[in-house]
Amino acid sequence: MNPAELRASIPALERCTYFNTGASGPTPRPVVDAATSFLERHAFDAPAGDGPYAVAWDAIAAAREVVAGHIGTEAANVAFTRSTADGVNMVAGAIDWQPGDVVVRTDLEHPACTLPWDRLADTHDIEVRVLETDGGRLDMADVKDAVADARLVALSSLTWTHGTRLPVADVVDAAHDAGAQVLVDAVQSVGQHPVDVTEWGADFVVAAGHKWLLGVWGGGFLYVDPDAYGRLRQTRIGYRSVESPDAEAYEYYEGARRFEVGTTSPVPYVALANAVETIEAVGLDTVQSRVERLTDRLKDGLGDRLLSPRAYESGLVTFAADDPEATVERLAADGIVVRSLPHPEAVRASVHAFNTADDVDRLLDAL
């Protein structure tokens, strides 16, 4: 599949110029068709055939294999979630927090990866230590100082505010040297950059498929390093999270599936797997090279309004505007979809492989 074919498969693009994939991507029709077809099979055919449970668990197992392959790990290391925030909360709720424990995060994190720690500060008296950044950049000397007595470090692989790539592997090394675990929010990376969780070395990686993978809402995932379980205290439990629900003494499932507690719809995960396969059919090399060309064009046109790095790092392009919210509303009235940001107070355009040079020129002309 080439970018033009991807674009032609996305019905929303017939009605707008879309630059908000960093919030939620427009989904290709085949992804929705796959989800709809499975839903009908599960609801209409499975009860009179193999049974809804068998059909559902087989579909989830197949989707797990696809997602695991996309992020460079084994299926046993992947749990399915509803969203990135859901995955963060699963990890936050599986650690035996003690008063005074330290969580280190950057000031670039999305609320999905700030609110759980703020809540733990209220309920468990942990300390949330915030690393200040400059222009979407981390200072590794500051990182090493901050993590020296930390229990967990939480950071994004790609910042939603500036579109900058953070040095995840370096942060992981520093944190592990200090005895801390690391959780990575990778939701802005999957679908636009190759992600290999083994190269990062993080203990946990959370993401969802409704942004750059162009999936539907409700299909998220959590990667867990097998060595991380010894430092967890599971609190959630259900028949799907244990090896044998009928055993006299329960035993948690050996892999990441221990985080999946009960009956859930397979539909978002069928869609997620199809979305992954669609992006892989386009090819991440193709995605990156096309996005680089298009963001270069956009950045050239923005001039000194540009707040993101001038050199390509991602499809997220943040720029200054006198009144960001009013700018977003004005562009929306012209059929151009972007979003405003709170920090920095600015406008952000998300450029994906389905976008074109004409899209970019239309945005620049409207600005």
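Residues numbered from 1 in each chain as written. Predicted model: local features only at pLDDT ≥ 70, side-chain atom pairs only at ≥ 80, totals over all residues. Heavy atoms only, no water.

Draft legend 1. Broad picture of unusual backbone geometry. Residue His343 is joined to Pro344 through a cis peptide bond whose omega torsion reads 0°. One can find Pro344 in the loop between β11 (339-341) and β12 (346-350). One non-glycine residue, Asp125, adopts positive backbone phi at about 60°. Tracing the backbone shows Asp125 in the loop between α5 (115-124) and β4 (127-131). Exposure remark for Asp125: the relative accessible area of 52% places this residue in the exposed category. Positive phi values are uncommon outside glycine, yet Leu214 reaches one of about 65°. (Helix = DSSP H or I, 4+ residues; strand = E, 2+ residues; numbered from the N terminus. Buried < 20%, exposed > 50% of the residue type's maximum accessible area, 1.4 Å probe, protein only.)

Draft legend 2. Up close: the sheet that holds β12. Taking strand neighbours across the sheet as the criterion, the three strands line up as β9-β12-β11 in an open arrangement whose pairing is antiparallel. On the outer flanks of this sheet lie β9 (316-319) and β11, each paired with one strand and no other. Direction aside, neighbouring strands of the sheet carry axes that sit 35° apart on average. Across three bridges, the pairing between β11 and β12 is antiparallel. Its bridge partner lying in β12, Ser340 is registered against Val347. Here helix α10 (residues 284-302) sits on the sheet in contact with β9 and β12, set at roughly 5° to β9. (Pairing = 2+ DSSP bridges. Axes fitted to C-alpha atoms, helices over the stretch in contact; angles between N-to-C directions. Contact = heavy atoms within 4.5 Å.)

Draft legend 3. Region of the structure containing the packing of aromatic side chains. Scanning the entire structure with this criterion turns up four aromatic pairs. Lying over the aromatic face of Trp97, Arg151 brings its terminal NZ or CZ to 5.7 Å of the ring centre. The aromatic ring of Trp57 is capped on one face by Arg240, whose charged end is 4.4 Å from the ring centroid. (Phe/Tyr/Trp six-rings, centres within 6.5 Å; stacked < 30°, edge-to-face > 60°. Lys NZ or Arg CZ within 6 Å of the ring centre and 35° of its normal.)

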